[in-house]
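# Chain and residue survey
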Amino acid sequence: MIENIRFAKEHEWIVIKEGIAIMGISDFAQRQLGDIVSIELPKVGSIFRYMQSIAIIDSVKASSDVYCAMSGEVVEVNEELLEHPEWINQSPYELGWIVKLKPSNMEEFNNLMTNEQYNKFIGEIE
Amino acid sequence: MKTPFHDIHKSFGAKMLNFHGWEMPLHYSSGIINEHLNTRTNVSLFDVSHMGRFEVKGTDAYDSLQTLVTNDVSKLDNNMALYSPICYDNGRIIDDLIIYMINREKFLIVVNASNREKDLEWIIKHSKSATIVEDISDKIALLALQGPLAQNLLEKAAIVDVNLTQLKPFHFILTNIFGIECIISRTGYTGEDGFELFFDSSKIDIWNKLVHLGSTFNIKPAGLGARDTLRLEAGLMLYGNDMDENTTPLEVPLKWTVKFEKEDFIGKKALTTQQINRKLVGFEVIEKRVARHGNEVLLNSQKVGFVTSGSFSPTLKKSIGFCFVPTYVLPNQLIEINIGGKLYKAKVLSSTRFYKRK
């Protein structure tokens, strides 16, 4: 597992790299969604608060909001996902990253779940 | 409720869902898209034992069915099947079903799982006095083997005295498979060549035998998720989504199943005089969002209809579906669909059929 990865209760993950928060959805989330066929990404430069809907994923069976796990400004989106939405299923922590944010409040990172806490959390759901 | 194959699905890694009270496989470990594509390329095995199966017998069974359904039962001969809606007096659809004629006094009817009780009650109530209707759903298992390699697979399965090449679509035979009595019909719900197998519900090992024999043909079990994307691509409707008790066969592409030249059938009068204001059409969304049942359809900012079925087409790699629109809407016209509160452009197509097999 990636070091220093944290999880939000809506199953997004965050990794901080050189002051930028990289965000995606967890392996658990992609398995629940099934085959992902499209994603609607936010615009670069737009600002999101914690828990605001930041992207919409369509899988074959359902549509799902992706929630912003750390407040901030979108500095980059993974445009490759427009052609390859299945990367979110196949590589949720690497090729399937969704957005990069410049966090407005680094403290929010500490409020997210650690890998162990998240595993316990999903253990209780399943 | 569980079909005879319930535990087998779990052993194949199925993700289950509750489908009208039935615990059924949504998909297996391959996922919906792989199962869909495998059906179009190789062969898939579906458990469809949740569907209702009735036996309709008696000296006037033929007359009973001819009155009950809109399509013409006289087109049937022994060992042939007929698709038809079954309607109320007001022409609204109770269900769509397939009638298999074993002989003039013995028929097998297959109905949607969601309508089993409703259909049984209606058919019993409106059958003539010498007709006996029996629900045999629990006695008989039903599997669907679908895909271009389905015949190749069945030919290996020790079927007695049968040349499958001569079995035409909507025809069936009573035979043996792996030594077990079985009805094999050339029917299906995927738009591919394929077969449906009816046999004693205790003989669940037929599943394992087919999977084992099918490995050279890349057989995969496929769930209800792929069943839905396959039928949508093929232009086949689903009761509950595309038609319900508010729909007549004339509003959806089922006009061909209503035989007005028949002397009489339940719903004939209402259908003869119906004013048709809406029609079911196929659409493709221009962006990549997937439309879903219930999404509003707008034309010039006015709500004019709604989506009845929407999904992603793995073959076309597009978001497709069926929707109701006013009868004046033309092919290639652009509509807007409200998905999750935002409007997305879609194009009305000239057909509800998105895919045709080679």
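Look up: the structure comes first, before these words.
Throughout what follows, the structure given in this document is the object of discussion. All values reported here derive from a predicted model rather than from experimental measurement. (Residues numbered from 1 in each chain as written. Chains lettered and ligands numbered in written order. Predicted model: local features only at pLDDT ≥ 70, side-chain atom pairs only at ≥ 80, totals over all residues.)

### Some words on the overall build of chain A
In plain terms, the rule: Secondary structure elements are taken from DSSP: a helix is a run of H or I of four residues or more, a strand is a run of E of two residues or more, and numbering for both begins at the N terminus. Using C-alpha atoms as the atom set, the radius of gyration is obtained and then compared with a globule rule of 2.2 Å times the number of residues to the power 0.38. Residues with at least 20 neighbouring C-beta atoms inside 10 Å of their own are called buried, those with 12 or fewer are called exposed, and the rest are partly exposed, where every C-beta is derived from the backbone. Contact between residues is assigned whenever the C-beta positions, reconstructed from backbone atoms, fall within 7 Å.
Within chain A, the secondary structure is distributed over 5 helices and 9 strands. Secondary structure of chain A in N-to-C order comes out as β-β-β-α-β-β-β-β-β-α-α-β-α-α. On C-alpha atoms alone, chain A measures out to a radius of gyration of 13 Å, which is about the 14 Å that the 2.2 N^0.38 rule sets for 126 residues. Along the first, second and third principal axes, the C-alpha atoms of chain A reach 35 × 35 × 25 Å. Expressed as a percentage of the 126 residues in chain A, the buried residues total 40%. A separation of at least 24 residues holds for 61% of the contacts in chain A among residues at least 6 apart in sequence.

### Examining helix H4 (residues 116-125) of chain B
Residues and elements named next belong to chain B. For clarity, the threshold we go by: Regarding the arc, it is the one traced by the directions from the helix axis to the C-beta atoms.
Looking at H4, one finds that the buried residues are Arg116, Asp119 and Ile123. Looking straight down H4, one finds that the buried residues subtend no more than 70 degrees of arc, so they occupy a single side. H4 presents Glu117, Glu121 and Lys125 as exposed residues on the side facing more than 90 degrees away from its buried surface. Buried residues belonging to H4 abut strand S4 (52-57), helix H3 (61-68), strand S6 (93-103), strand S7 (106-111) and strand S8 (132-135).

### Details of the nonpolar core
Just so we agree on the cut-off: Any nonpolar core is a set of buried residues, restricted to Ala, Val, Leu, Ile, Met, Phe, Trp, Tyr and Cys, that join up through C-beta atoms within 7 Å.
Ranked by internal contacts, the top residues of the largest apolar core, which has 125 residues, are Met23 of chain A together with Ile99, Leu143 and Leu145 of chain B. Ranked by the residues each element gives to this core, the list is headed by S6 of chain B, at 6 residues. Those residues within four positions of Ile99 of chain B in sequence are excluded, and the remaining contacts are Leu65, Val73, Ala81, Leu82, Ser84, Phe107 and Ile109 of chain B.

### Thoughts on the pairing of strand S8 (residues 72-77) of chain A
Residues and elements named next belong to chain A. As a reminder, the rule being used: Strands were regarded as paired on the criterion that DSSP finds at least two bridges between them.
Two strands pair when backbone bridges link them, and strand S5 (residues 47-48) and S8 are joined in this way by 2 bridges, in the antiparallel orientation. Bridge pairing in S8 places Ile47 opposite Glu73. Taken together, the 5 bridges between S8 and strand S9 (residues 99-103) define a ladder with antiparallel strand orientation. For Val77, the partnering residue across the bridge sits in S9 and is Val99.

### Some remarks on the sheet that holds strand S14 (residues 278-285) of chain B
Residues and elements named next belong to chain B. Formally: To obtain an axis, a line is fitted to C-alpha atoms, over the contacting stretch when the element is a helix, and the angle between two such axes runs from 0 to 180 degrees between their N-to-C directions.
Taken together, 6 strands build a closed barrel; the order of strands is S14-S17-S16-S15-S18-S19 and the barrel is antiparallel. Pairs of neighbouring strands in the sheet enclose a mean axial angle of 45 degrees, with direction left out of account. As defined by bridge partners, S14 adjoins strand S17 (residues 318-326) across 7 bridges and the pair is classed as antiparallel. Its bridge partner being in S17, Lys279 is matched across the sheet by Val325. Each of strand S16 (302-313) and S17 is contacted by helix H7 (residues 224-233), which is oriented at about 120 degrees to S16, the strand it contacts most.

### With respect to unusual backbone geometry
Trans is the common state for peptide bonds, and a negative phi is the common state for residues other than glycine. The residue Met51 of chain A is not glycine, and still its phi comes out positive at about 75 degrees. Locating Met51 of chain A in the fold gives a position in the loop between S5 and strand S6 (53-59). Phi is positive for Phe178 of chain B, close to 50 degrees, though the residue is something other than glycine. Within the secondary structure layout, Phe178 of chain B lies in the loop between strand S10 (172-177) and strand S11 (180-185).

### Some points on the interface of chain B and chain A
Filter applied, for reference: As a working rule, the residues Ala, Val, Leu, Ile, Met, Phe, Trp, Tyr, Cys and Pro are called nonpolar, Asp, Glu, Lys and Arg charged, and the rest polar, with Gly in that last group.
With 12 residues of chain B in contact, the opposing surface of chain A contributes 10 residues. At the level of elements, helix H2 (32-41), H7 and S16 of chain B are the ones that each hand at least two residues to the side of chain B that touches chain A. Class assignment of the residues belonging to the side of chain B that touches chain A gives a composition of 4 nonpolar, 6 polar and 2 charged.

### A word on helix H6 (residues 205-213) of chain B
Residue and element names in this part refer to chain B. The complete set of buried residues in H6 reads Ile206, Trp207 and Leu210. One side of H6 holds all its buried residues, which, seen down the axis, span an arc of 105 degrees. Of the residues in H6, the exposed ones pointing more than 90 degrees away from the buried face are Asp205 and His212.

### Quick notes on the sheet that holds strand S13 (residues 220-221) of chain B
In space, the 6 strands of this open sheet follow the order S10-S11-S12-S9-S3-S13 (chain B), with mixed pairing throughout. On the outer flanks of this sheet lie S10 and S13 of chain B, each paired with one strand and no other.

### Structural notes on the packing of H2 of chain B against H7 of chain B
Residues and elements named next belong to chain B. So the rule is basically this: Should an angle lie under 35 degrees it is considered roughly parallel, over 145 roughly antiparallel, and from 65 to 115 roughly perpendicular; all remaining angles are considered oblique. Left-handed is the label given to a crossing in which the near helix is rotated counterclockwise from the far helix by less than a right angle, and right-handed is the label when the rotation is clockwise.
Two numbers describe how H2 lies on H7: the axes approach to 8 Å, and their chain directions differ by 55 degrees. Viewed along their axes, H2 and H7 adopt a mutual orientation that is oblique. With respect to the hand of their crossing, H2 and H7 are arranged in right-handed fashion. Note on element contacts: H7 touches H2 through Gly225, Ala226, Thr229 and Leu230, opposite Ile32, Glu35, His36 and Thr39. Of the residues belonging to the contact of H2 with H7, the class tally is 3 nonpolar, 4 polar and 1 charged.

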